[in-house]
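Structure at a glance
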Amino acid sequence: MKKWSWVWLAGTIAWLFDAFVDLRYHAMQQAELGFLPATLFAIAWLFFRQSPR
């Protein structure tokens, strides 16, 4: 699974980008909802990048 951990990192970056765009347009609720999946994707990335094959 370590080989595919970049997918979780890409998801983290995409959700963070979305959340920061929402912050830029002062849409606080949407930004909070964007940071939640970004956090979950980051936790998944940290877990799967360390797992052995």
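Further up the page is the structure itself.
To keep things clear, this report deals only with the structure shown in the data block. (Residues numbered from 1 in each chain as written. Predicted model: local features only at pLDDT ≥ 70, side-chain atom pairs only at ≥ 80, totals over all residues. Heavy atoms only, no water.)

Some details on the overall build of the protein chain
Worth spelling out the cut-off: Note on conventions: DSSP H or I runs of at least 4 residues are helices, E runs of at least 2 residues are strands, and numbering of each starts at the N terminus. For this measure, only C-alpha atoms enter the radius of gyration; the expected value for a globule follows 2.2 Å times N^0.38, where N is the number of residues. Each residue gets one of three labels from its accessible area relative to the maximum for its type: buried under 20%, exposed over 50%, partly exposed in between, using a 1.4 Å probe on protein chains only. Only heavy atoms enter the contact rule, under which two residues are in contact if any of them lie within 4.5 Å.
When its secondary structure is counted, the protein chain shows two helices and zero strands. Taken over C-alpha atoms, the radius of gyration comes to 13 Å for the protein chain, far larger than the 10 Å a tight globule of 53 residues would show. If one aligns the C-alpha atoms of the protein chain with their principal axes, the spans along those axes are about 45 × 15 × 10 Å. Classification of the 53 residues of the protein chain by burial places 21% in the buried group. Sequence-distant contacts, at least 24 apart, represent 59% of the contacts inside the protein chain between residues at least 6 apart.

So, helix H2 (residues 28-50)
Just so we agree on the cut-off: A helix's residues, less one, multiplied by 1.5 Å, set its expected span.
The end-to-end C-alpha separation of H2 is 33 Å, in line with the 33 Å expected for 23 residues at 1.5 Å each. Packing partners of the buried residues in H2 comprise helix H1 (6-24).

Some details on the side chain of Ser5
Here Ser5 lies in the segment before H1. If we ignore the near neighbours within four places in the chain, the residues touching Ser5 are Trp45, Phe48 and Arg49.

Some remarks on H1
Note the threshold: Here, the arc refers to the directions that run from the helix axis to the C-beta atoms.
Taking 1.5 Å of rise per residue, the 19 residues of H1 would be expected to cover 27 Å, and the 27 Å separating its terminal C-alpha atoms lies within 8% of that figure. Within the sequence span of H1, burial applies to Gly11, Thr12, Ala19 and Asp22. Each buried residue of H1 sits inside an arc of 100° when the element is viewed along its axis, so together they form one side. Exposed side of H1, more than 90 degrees from the buried face: Trp6, Ile13, Phe17 and Arg24 are the residues found there. Note on H1: the residue one or two positions beyond its end, His26, has a positive phi of about 60°.

Notes on the environment of Val21
Along the chain, the position of Val21 falls in helix H1. Among the residues examined, Val21 registers a relative accessible area of 31% and is labelled partly exposed. The spatial distance from the C-alpha of Val21 to the C-alpha of Phe47 is 27 Å, given a sequence separation of 26 residues.

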